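A look at the structure
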Amino acid sequence: MPSAPGVMLGAGVAGWTEGQRAGVGWNGGYCGQCDFCRRGDFFACQSGWGVTGVNFDGGYAEYMVASASALALLPEELSPADAAPLMCAGVTTFNALRRSAARAGELVAVLGLGGLGHLGVQYAAKMGFKTVAIARGKDKEALARQLGAWHYIDSQSQDPAAELARLGGAKVVLATVTDAKAMNATAGGLAANGKLLVLGVPAEPLAVPAFLLIGGRRAVEGCYSGISIDSQDTLAFSVLSGVRSMNEVYPLDRVTEAYDRMISGKARFRVVLTMES
Ligand SMILES: [Zn+2]
């Protein structure tokens, strides 16, 4: 969580000024020296700082120590509570879409309308894609349209693959759910050269017919969230385009309640902790 006073710098840190507002996402930085970093694949760094909150302390606190390579510049227009989810679910969806082969005007489907999906639909629409939201139940359609979806598919009463095919096929399906069957059910709706981008992590393996991949040169690809510059670009684009996460905000002294709410899966859509009591 970015904190109000801004950064203080260790010896030898270049490119930052003390007092600048910065955020740290779950990528804890990278070394710049291993073979992966030397090839530009910073996300795959073998000897960097690792993951924030896993390899070093970084959450549930007012201050933290981080590698300079983990810092994203926080625009003045964003409060810390606005910025925090954009540096997690935001960068994950934004970065996957902007690195995809989809071009403006092409059909992009977002599977799921939860924490990731409600941002994915907004980013896809703002990037100029013909955005299709896929979720369970007719009652989610109004929200999908409000977020910018051009079309809505109710996966409970419609076959997502058939519907996507009827619309001409999707260049990208951004799969944000954690249900392998729901992901499998969209693969048949990919256009030629289309990609199923996997962001959610189902417990079950995916099952996509090989002939489907071969026949239309389709692919299934995993999407790593992003590194600090990806977070920074996400924040800047969100300011530019007005994309925001819908949050339930709790003060740190109600952390247990906030955690339970997050685990329940009922939060709409992100749970954010603030330092105010
Ligand atoms: Zn490295």
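Residues numbered from 1 in each chain as written. Predicted model: local features only at pLDDT ≥ 70, side-chain atom pairs only at ≥ 80, totals over all residues. Heavy atoms only, no water.

1. As for empty space enclosed by the protein
One pass over the full model with this rule turns up 1 cavity of 30 Å³ or more. Elements with a contribution of two residues or more to the lining of the largest cavity: helix H2 (80–98) and helix H8 (228–241). Its residues assigned to classes, the lining of the largest cavity shows 6 nonpolar, 6 polar and no charged. (1 Å grid on protein atoms, 1.4 Å probe; cavity = no way out; pocket = protein on both sides within 12 Å on 5 of 7 lines; lining within 4 Å. Points joined across faces, edges and corners; volume = space filled by probe spheres on them. Helix = DSSP H or I, 4+ residues; strand = E, 2+ residues; numbered from the N terminus. Nonpolar A, V, L, I, M, F, W, Y, C, P; charged D, E, K, R; others polar.)

2. Looking at the sheet that holds strand S8 (residues 219–222)
A sheet is described by the order of its strands in space; here 6 strands give the open sequence S5-S4-S3-S6-S7-S8, paired in parallel fashion. Bordering the open sheet on either side are strand S5 (151–154) and S8, each of which pairs with just one other strand. Geometrically, the sheet is characterised by an average inter-axis angle of 20° between neighbouring strands, direction not taken into account. Relative to S8, strand S7 (residues 190–198) runs parallel, the two being bridged by 4 bridges. By the bridge assignment for S8, Val198 is matched with Gly222. Here helix H6 (residues 180–187) sits on the sheet and contacts strand S3 (107–111), strand S4 (130–135), strand S6 (170–175) and S7; the angle it forms with S7, its principal contact strand, is near 165°. (Pairing = 2+ DSSP bridges. Axes fitted to C-alpha atoms, helices over the stretch in contact; angles between N-to-C directions. Contact = heavy atoms within 4.5 Å.)

3. Digging into the domain arrangement of the chain
Its domain assignment divides the chain into domain 1 (22–90 + 227–245) and domain 2 (100–222). A C-alpha centroid distance of 26 Å is found between domain 1 and domain 2. Taken together, the contact pairs 12 residues of domain 1 with 8 residues of domain 2. Carbon and sulfur atoms make up 68% of the surface buried where domain 1 meets domain 2, a total of about 740 Å² over both sides. The three residues of domain 1 that bury the most area against domain 2 are Ala89, Phe237 and Val243, which together make up 57% of that side's buried surface. Taken together, the connections running from domain 1 to domain 2 amount to 0 salt bridges. Applying the counting criterion to the domain 1 and domain 2 interface returns 3 residue pairs in polar contact (both at pLDDT 80 or more). Grouping the constituent residues of the side of domain 1 that touches domain 2 by class yields 5 nonpolar, 6 polar and 1 charged. (Domains from an automatic or database assignment. Buried area = accessible area lost by both parts, 1.4 Å probe. Salt bridge = Lys/Arg side-chain N within 4 Å of Asp/Glu carboxyl O. Polar contact = N/O pair within 3.5 Å; in protein donor to acceptor, adjacent residues only side chain to side chain.)

4. Things to note about the pairing of S6
Most of S6 is tucked away, with 6 of its 6 residues classed as buried. The pairing of S3 with S6 spans 4 bridges and is parallel. Paired with Val110 across the two strands is Leu174, which belongs to S6. Pairing between S6 and S7: 5 bridges, direction parallel. Paired with Ala175 across the strands is Val198, a residue of S7. As a crossover connection, the stretch from S6 through H6 into S7 is right-handed. (Buried < 20%, exposed > 50% of the residue type's maximum accessible area, 1.4 Å probe, protein only. Right-handed = clockwise from strand over helix to strand, strands pointing away.)

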